[in-house]
Amino acid sequence: MLLMGREHSPKDSFDASERGVAMIVQEQGTIATISAAANIFAGRESQYCKLGLLNRKKLNAAASELLNRAGASSITPTSVAGSLSLEDRKLVELARALYKTPELFIVDETTTALSQRGRSILYKIIRELKEAGKAVLFISHDIDELMSLCDAVTILRDGTYVDTLNKERMVPHAMKTLMVGREISDNYYRIDYDPCGVAATAMIVESVSTGALHDVSFTLRKGEILGIAGLTDCGMHELARAMFGLVKPDQGRVKLGDGTVIDSPTTAISRKIGFVSKNRDIEAILASASIKDNIVLPSLGKLQKFGLISHRSERSLAEEWAARLKIKMRSIKQACSELSGGNKQKVVLAKWLANDSRIFIFDCPTRGIDVGVKEAIYRIMEDLKRDGCSIVMVSEELAEVIGMSDRILTLKDGRISSSFERSAEITEATVIQYMI
Amino acid sequence: MKHSISTAAAIGAGEKSGGRLSSSDILKYLPLAGLVMLVVFFQVTSGGRLLTAQNLKLVFVQSYALFLAAIAGAFVIATDNLDFSMGATLGFASACACFAAMVDVRLALPVAVAVGLVVGLANGVAHVVFRLPSFIVCLCMMFILTAATQTMTKGTSMMMPVSMMSFDNTLMKVAVFVVYLAFMLVLFEYTKVGKHLKAIGISPEAARQSGVDIGKMKIIAYMITGAAAGFAGFFTLIRSGAASPANGQTMTTDVIIAIVLGGMSISGGATSKISAALIGTLVITVLGNGMVLSGMGGDAQQLIKGIIFIAVVAVSARGNTSAIVK
């Protein structure tokens, strides 16, 4: 990396900021338990020190000036960061970033954490930096924002460079197409376009509101693959968690066709619902436990006789499903942590299949998985559908949502923004316009 | 209803690897090897007095309460928690049993176990329902129970009814121990309780998402250690003949040390097993007994215990960064 013609290899983010590269991010970047002023000068306190003692008065005065410059004069430098609103904490970060006027200012998806007021402050600063001859790298998936702020846009997809458009070539439609890519040529998705024939209800989501979700309602049918598409923070992952009872909705409820309310994972599992978490290594598998222990865990209730579980019954259930899913392993006693991502995901599927699940909630089921296992998962989904099981597939990969679903719901800012029935005509471009 | 998964894409079958001895296999047998070495060492230094019928009987009787408590302790440690109140519960339960025995000697055992169960329930509820850190809960429980025991015994020893002496029978103790061990082993290895507790110790979130009722299971674990501490309290009472604040004082740390010496991780999880409690208790007992027999003096015992403990934790932790006190 070169910065202003010189080699740029910062040791850490603090080193980078000393060299003129400042950054604000989407996540929280302040320390909650210390004051706003202390956050701004964290690591740079020495200039306000005399004989090893900190002159707080001078520090706070300097912080106050920086906050003014950042357009956040309403924040008192002495207030503890944790007591500020999320937006004000972002502005504290902004003040910190502006301490040394940066040569390169990186804004990584920060606007999603800001209200209109915060956004206009940030936009103003970006324009000021530009006029002062400094560079700004603005990372966002909000087309409108990019259109109004940027002079040129570089598009990346799946970690690879796609194209750079200058101001004249920046057309929203063209940008969206480049972001999503053309039709994927691989035909490992479903090839049929038969509509879901069954009308019976498997699950009902009834005006659920929680966190990012606002009044979401829909019905999942038996034998249906329901795809849910949207941007990461549109609330779709929360929706998946709510459907498995991991999140209690503030309003509304999730219930089965027979009226049973799903209020905890324990209830969900006893009613034959399985959940594949997006965060596989931490939430879906017990990494240091064996493949066998992972597969049988939800099924222990089924295996027990007079309260006792024989090791033989555990082994045979685990052997059966490891073999049927062709899990690549030395033996079922091998620790799950030693498996590849794809085989770990097979263990997760095996554990729900072994428990005779009828409803599957998949949150990004093919994330970080090689093409081979990906295809295996798609075939399993088809088999489950044929058996009359229902699948909800939340995914950030539009191609698989379009390729596998009987019906697609798009979510935008926590609300359902459109619904598509399966058809050969649906393209990523048609779906994405309801997501952005 | 079975699924008809048939067409899962073919992925080459896994290659079988031979039975090499991995480092985890070595760690698995290290505690047992250590115990054998310790026995051989003290058998030699004590001039053959370690392995005599008379001494073995003494060792068994001396470490009886620790065996009972450590086996139960494995249930809580499996969940990556510790029960720091076990020793105090033992002392309190034995004082309560002593009082009960003054009314009717037959009440002593049920009262001791019931007291332990209630203490465990209180620990579990405070931790799970009121979301207090388990370490704080158990520490406070320890202070409360120690104070209660001191008040009940007026700070000295309180003699139990003489008729209870007949309970202190080695053959009966052996029988009780065998039944107790079998019961706990089945509970730990062949029931949902044991398997769920282990799953919690490995990853609470993954366990929750696999249908483990974390709160309920943690309360059950504390009730198991509580009841076992009460049970051990009864046997401590009939052996010493008196309830005193000194009963069970070193039990809390001894249980933890025994379990770790036995090869179980202090953060529970996959390595959890009852045999760790047995082997570890034997190591501690042989160490203490062997040093006395070999004329090394009791004073150095705590020192040696401390050194061995820290060495074992260092070996077994191996990059495990989980905090011990929660």
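In what follows, the accompanying structure is described.

### A closer look at the pairing of strand β15 (residues 359–363) of chain A
Residue and element names in this part refer to chain A.
Part 1 of the reasoning: Extensive coverage of β15 is indicated by the burial of 5 of its 5 residues.
Part 2 of the reasoning: On β15, burial covers both faces: I359, I361 and D363 on one face and F360 and F362 on the other are all buried.
Part 3 of the reasoning: Of the strand pairs in this sheet, strand β14 (residues 273–276) and β15 are connected by 4 bridges, and their pairing is parallel. By the bridge assignment for β15, V276 is matched with F362.
Part 4 of the reasoning: Between β15 and its parallel partner strand β16 (residues 390–395), the chain crosses via helix α15 (residues 371–386), and the hand of that crossover is right-handed.

### Brief notes about the interface of chain A and chain B
Part 1 of the reasoning: Each partner contributes to the interface: chain A provides 52 residues, whereas chain B provides 36 residues.
Part 2 of the reasoning: Approximately 3,600 Å² of surface area, both sides summed, lies buried where chain A meets chain B, with 56% of it carried by carbon and sulfur atoms.
Part 3 of the reasoning: If you look at where chain A meets chain B, you find 2 salt bridges.
Part 4 of the reasoning: The tally of links between chain A and chain B comes to 6 residue pairs in polar contact (both at pLDDT 80 or more).
Part 5 of the reasoning: For the side of chain A that touches chain B, the elements supplying multiple residues, two or more each, are α9 (265–270), α10 (280–284), α12 (300–303), α13 (311–324), α14 (341–354) and α15 of chain A.

### Points about helix α4 (residues 86–103) of chain B
Part 1 of the reasoning: For α4(B), spanning 18 residues, the distance from its first C-alpha to its last is 26 Å, which sits close to the expected 26 Å at 1.5 Å a residue.
Part 2 of the reasoning: Within α4(B), 15 of the 18 residues are buried, which leaves it mostly tucked inside the rest of the structure.

### Focus on the nonpolar core
Part 1 of the reasoning: Core analysis: the biggest nonpolar cluster contains 166 residues, and M203(A) and I295(A) have the highest contact counts within it.
Part 2 of the reasoning: Sorting elements by how many residues they give to this core places helix α3 (residues 64–78) of chain B first, with 14 residues.
Part 3 of the reasoning: Those residues in contact with I295(A) that lie beyond four places of it in its chain are A318(A), W321(A), A322(A), I327(A), V347(A), A350(A), K351(A) and A354(A).
Part 4 of the reasoning: Core analysis: the second largest hydrophobic core is formed by 41 residues, L91(A), I121(A), I125(A) and V153(A) among them.

### Remarks on the pattern of salt bridges
All names here are of chain A.
Part 1 of the reasoning: Counting across every chain of the model gives 34 salt bridges over all chains.
Part 2 of the reasoning: Taking the shortest distance from any N to any O, the salt bridge between R119 and E145 comes out at 3.9 Å. Residue R119 is located in helix α5 (residues 116–131), and its partner E145 is located in helix α6 (residues 143–149); the two are separated by 26 residues in the primary sequence. A single burial state applies to R119 and to E145, both of which are buried.
Part 3 of the reasoning: One continuous salt-bridge network, built from bridges that share partners, spans R190, D192, K385 and D406.

### Let's talk about α14(A)
Part 1 of the reasoning: Taking 1.5 Å of rise per residue, the 14 residues of α14(A) would be expected to cover 20 Å, and the 20 Å separating its terminal C-alpha atoms lies within 8% of that figure.
Part 2 of the reasoning: D356(A) sits one or two residues past α14(A) and shows a positive phi near 55°.

### Concerning the sheet that holds strand β7 (residues 135–139) of chain A
Residues and elements named next belong to chain A.
Part 1 of the reasoning: Pairing in this open sheet of 3 strands is parallel, and the strands run β3-β6-β7 from one edge to the other. Both outer strands of the open sheet, β3 (21–24) and β7, are each paired with one neighbouring strand and no more. Each neighbouring strand pair of the sheet contributes to a mean axis angle of 15°, computed without reference to strand direction.
Part 2 of the reasoning: Both strand β6 (residues 104–108) and β7 contribute to a ladder of 5 bridges, which runs parallel. Following the sheet pairing, F105 is matched in β7 by V136.
Part 3 of the reasoning: On top of the sheet, helix α4 (residues 86–97) reaches β3 and β6; it is set at about 180° to β3, its chief contact.

### Quick look at the environment of G248(B)
All names here are of chain B.
Part 1 of the reasoning: The residue G248 is located in the loop between β2 (242–243) and α11 (251–261) in this model.
Part 2 of the reasoning: The exposure class of G248 is buried, given its relative accessible area of 15%.
Part 3 of the reasoning: The spatial distance from the C-alpha of G248 to the C-alpha of F92 is 9.0 Å, given a sequence separation of 156 residues.
Part 4 of the reasoning: Discounting residues that sit within four places of it in the chain, G248 has contacts with G87 and L90.

Cut-offs used in this document
Residues numbered from 1 in each chain as written. Chains lettered and ligands numbered in written order. Predicted model: local features only at pLDDT ≥ 70, side-chain atom pairs only at ≥ 80, totals over all residues. Heavy atoms only, no water. Buried < 20%, exposed > 50% of the residue type's maximum accessible area, 1.4 Å probe, protein only. Helix = DSSP H or I, 4+ residues; strand = E, 2+ residues; numbered from the N terminus. Pairing = 2+ DSSP bridges. Right-handed = clockwise from strand over helix to strand, strands pointing away. Contact = heavy atoms within 4.5 Å. Buried area = accessible area lost by both parts, 1.4 Å probe. Salt bridge = Lys/Arg side-chain N within 4 Å of Asp/Glu carboxyl O. Polar contact = N/O pair within 3.5 Å; in protein donor to acceptor, adjacent residues only side chain to side chain. Expected span 1.5 Å × (residues − 1). Core = buried A, V, L, I, M, F, W, Y, C linked by side-chain atoms within 4.5 Å. Axes fitted to C-alpha atoms, helices over the stretch in contact; angles between N-to-C directions.

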